[in-house]
Amino acid sequence: MSIKVNRVNKTFGEFVALDDVTVDIPAGSLTALLGPSGGGKSTLLRVIAGLEKPDSGLVEIEGREANHLPVQERGVGFVFQHYAAFKHLTVARNVAFGLEIRKRPKAEIKKRVAELLELVHLENFAHRYPSQLSGGQRQRMALARALAVEPAVLLLDEPFGALDAQVRKELRIWLRKLHEEVHVTTVFVTHDQEEAMEVADSIVVMANGKVEQIGSPDDLYDKPANDFVMSFLGPVTKLGGQLVRPHDLELFTVPEQDTVAATVERVTRLGFEVRVDLNVNGRAGPEGGPDEVWAQVTRGTAEQFALEPGKTVHIRRAPDRLVQPARSA
């Protein structure tokens, strides 16, 4: 089921939460709303869900004008960061809740709950209570509960935000696989760039209530619309006043065409990768001193160049990686 948001505006007092926002979300896609806190992501999600009404603009779900549709008529399942589980109900009863209030036949409910618990790998936890589950298990239960009523659209507001880093990584892989099985149009809010890049088909980058860019993870990473998008999606450093990806810097032991000399300040090994902090000689930095630049290289490269503090190297942006934002943020 497709979603279209056309020139939507929303304010809270003097605060502009959404400023002329237009987004098209294709049916069956997995779309991330990505941006810093206060950028408008959650407000946009709540407007799509019907939990907030836009001041102006139009929301359409599967070609149907939805501005005045109540939440229960939008065919939307919603999962919040905090699971909002019914503590006194078992996992199975939590998942069944939406079906029970819709007065579905008991046999149908039992079958649907069993299918969903198997889908989210909780079939052996049906008779436990939420307090007996881990954070990741509770979030999978919340997703099963949202899917129980067969929503046309699944909306997730920072679904993994309250979990530790390792569980987040596991769940985002699981969410990607789940989406490939159920094919429900899914929109999720996150401020985690890695999460959005790994899980989503399409990313909507938002800041200050505006849409900065929409595209695939590869498009946004390789062809950022502006400095903000480039800085927000992936690491950046600055060489000669221009943003550059640290892994797009080439290092040489002797001067080459377009290189500048730099002094190694620090070498930090981060598993397979190595961060090399550099001072670029003869270039004025923000405090009147040398530019501080960092490069990202492999351990093999670091060993090949015998990189250590005080060593002089020569650096340039790789010629085939001359990607520049289209405009300034």
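Bear in mind the structure is a predicted one, so any value in this text is a computation, not a measurement.

Right, let's get into the overall build of the protein chain. For the protein chain, the count of helices and strands is nine helices and 17 strands. Total accessible area on the protein chain stands at roughly 16300 Å², and carbon and sulfur atoms take up 49% of it. One finds the centroid of the 40 positive side-chain charges in the protein chain at a distance of 7 Å from the centroid of its 45 negative side-chain charges.

Buried residues dominate strand 7 (residues 153-157), accounting for five of its five residues. Of the two faces of strand 7, both are covered, the one formed by Val153, Leu155 and Asp157 as well as the one formed by Leu154 and Leu156. Of the pairings in the sheet, the one linking strand 7 to strand 8 (residues 185-190) comprises five bridges and is parallel in character. Bridged to aspartate 157 within strand 8 is valine 189.

One non-glycine residue, histidine 121, lies in the positive phi region at around 60 degrees. Along the chain, histidine 121 turns up in the loop between helix 3 (106-119) and helix 4 (135-148). Positive phi outside glycine occurs at histidine 183, with the angle close to 55 degrees. A relative accessible area of 53% means that histidine 183 is categorised as exposed.

Glancing now at the environment of proline 217. If you trace the backbone, proline 217 turns up in helix 7 (residues 217-222). Residues within four places of proline 217 in sequence aside, it is in contact with Met197, Ala200, Asp201 and Ile203.

What follows deals with the packing of aromatic side chains. Scanning the entire structure with this criterion turns up two aromatic pairs. Note on phenylalanine 86 and phenylalanine 97: the rings are 4.6 Å apart at their centroids and 45 degrees apart in plane angle, and the pair reads as tilted. Here the residue phenylalanine 86 occupies a position in the loop between strand 6 (76-79) and helix 2 (91-101), and phenylalanine 97 occupies one in helix 2, the gap between them amounting to eleven residues. Over the aromatic face of tyrosine 221 sits the side chain of arginine 245, whose NZ or CZ is 4.0 Å from the ring centroid.

Our focus in this paragraph is the sheet that holds strand 4 (residues 56-61). Spatial strand order, 2-1-4-5: four strands in an open sheet with antiparallel pairing. Two strands in the sheet have a free side with no partner beyond their single neighbour: strand 2 (15-25) and strand 5 (64-65). Sitting on the sheet, helix 1 (residues 41-49) is in contact with strand 1 (3-12), strand 2 and strand 4, with an inclination near 60 degrees to strand 2.

Okay, the nonpolar core next. If you look at the biggest cluster of nonpolar residues, it comprises 45 residues, and the most contacted ones within it are Val95, Leu117, Leu154, Ile203 and Leu233. Counting residues per element, this core draws most heavily on helix 4, which supplies seven residues. Discounting chain neighbours no more than four positions away, the residues touching leucine 154 are Gly77, Val79, Leu143, Ala146, Leu147, Val184, Thr185, Thr186 and Val187. The next biggest cluster of nonpolar side chains, apart from the first, holds 25 residues, and it includes Val23, Val47, Val76 and Val204.

Let us look at helix 5 (residues 165-182). Taking 1.5 Å of rise per residue, 18 residues should cover 26 Å, and helix 5 covers 26 Å from first to last C-alpha, within 8% of that figure. Every buried residue belonging to helix 5 is among Arg168, Leu171, Arg172, Trp174, Leu175, Arg176, Leu178 and His179, and all of these are buried. The inward-facing, buried residues of helix 5 abut strand 3 (30-34), helix 3, helix 4, strand 7, strand 8 and helix 6 (193-199). Where helix 5 terminates, the next one or two residues include histidine 183, which has phi positive at roughly 55 degrees.

Across the six residues of strand 9 (residues 202-207), six count as buried, placing the element largely inside the fold. Burial along strand 9 is two-sided: the residues Ser202, Val204 and Met206 and Ile203, Val205 and Ala207 are all buried. Direction of pairing for strand 3 relative to strand 9: parallel, over a ladder of four bridges. Its bridge partner being in strand 9, alanine 32 is matched across the sheet by isoleucine 203. Sheet analysis places strand 9 next to strand 10 (residues 210-215), joined by five bridges and oriented antiparallel. The partner of valine 205 across the bridge, within strand 10, is glutamine 213. Joining the antiparallel neighbours strand 9 and strand 10 is a turn of two residues, in which asparagine 208 adopts a positive phi near 55 degrees.

Scoring rules and cut-offs
- Residues numbered from 1 in each chain as written.
- Predicted model: local features only at pLDDT ≥ 70, side-chain atom pairs only at ≥ 80, totals over all residues.
- Heavy atoms only, no water.
- Helix = DSSP H or I, 4+ residues; strand = E, 2+ residues; numbered from the N terminus.
- Areas by Shrake-Rupley, 256 points an atom, 1.4 Å probe, with all protein chains shown as cover.
- Lys, Arg positive; Asp, Glu negative; His and termini not counted.
- Charge placed at Lys NZ, Arg CZ, Asp CG, Glu CD.
- Buried < 20%, exposed > 50% of the residue type's maximum accessible area, 1.4 Å probe, protein only.
- Pairing = 2+ DSSP bridges.
- Contact = heavy atoms within 4.5 Å.
- Phe/Tyr/Trp six-rings, centres within 6.5 Å; stacked < 30°, edge-to-face > 60°.
- Lys NZ or Arg CZ within 6 Å of the ring centre and 35° of its normal.
- Axes fitted to C-alpha atoms, helices over the stretch in contact; angles between N-to-C directions.
- Core = buried A, V, L, I, M, F, W, Y, C linked by side-chain atoms within 4.5 Å.
- Expected span 1.5 Å × (residues − 1).

No statement about biological role is implied by the geometric values presented.
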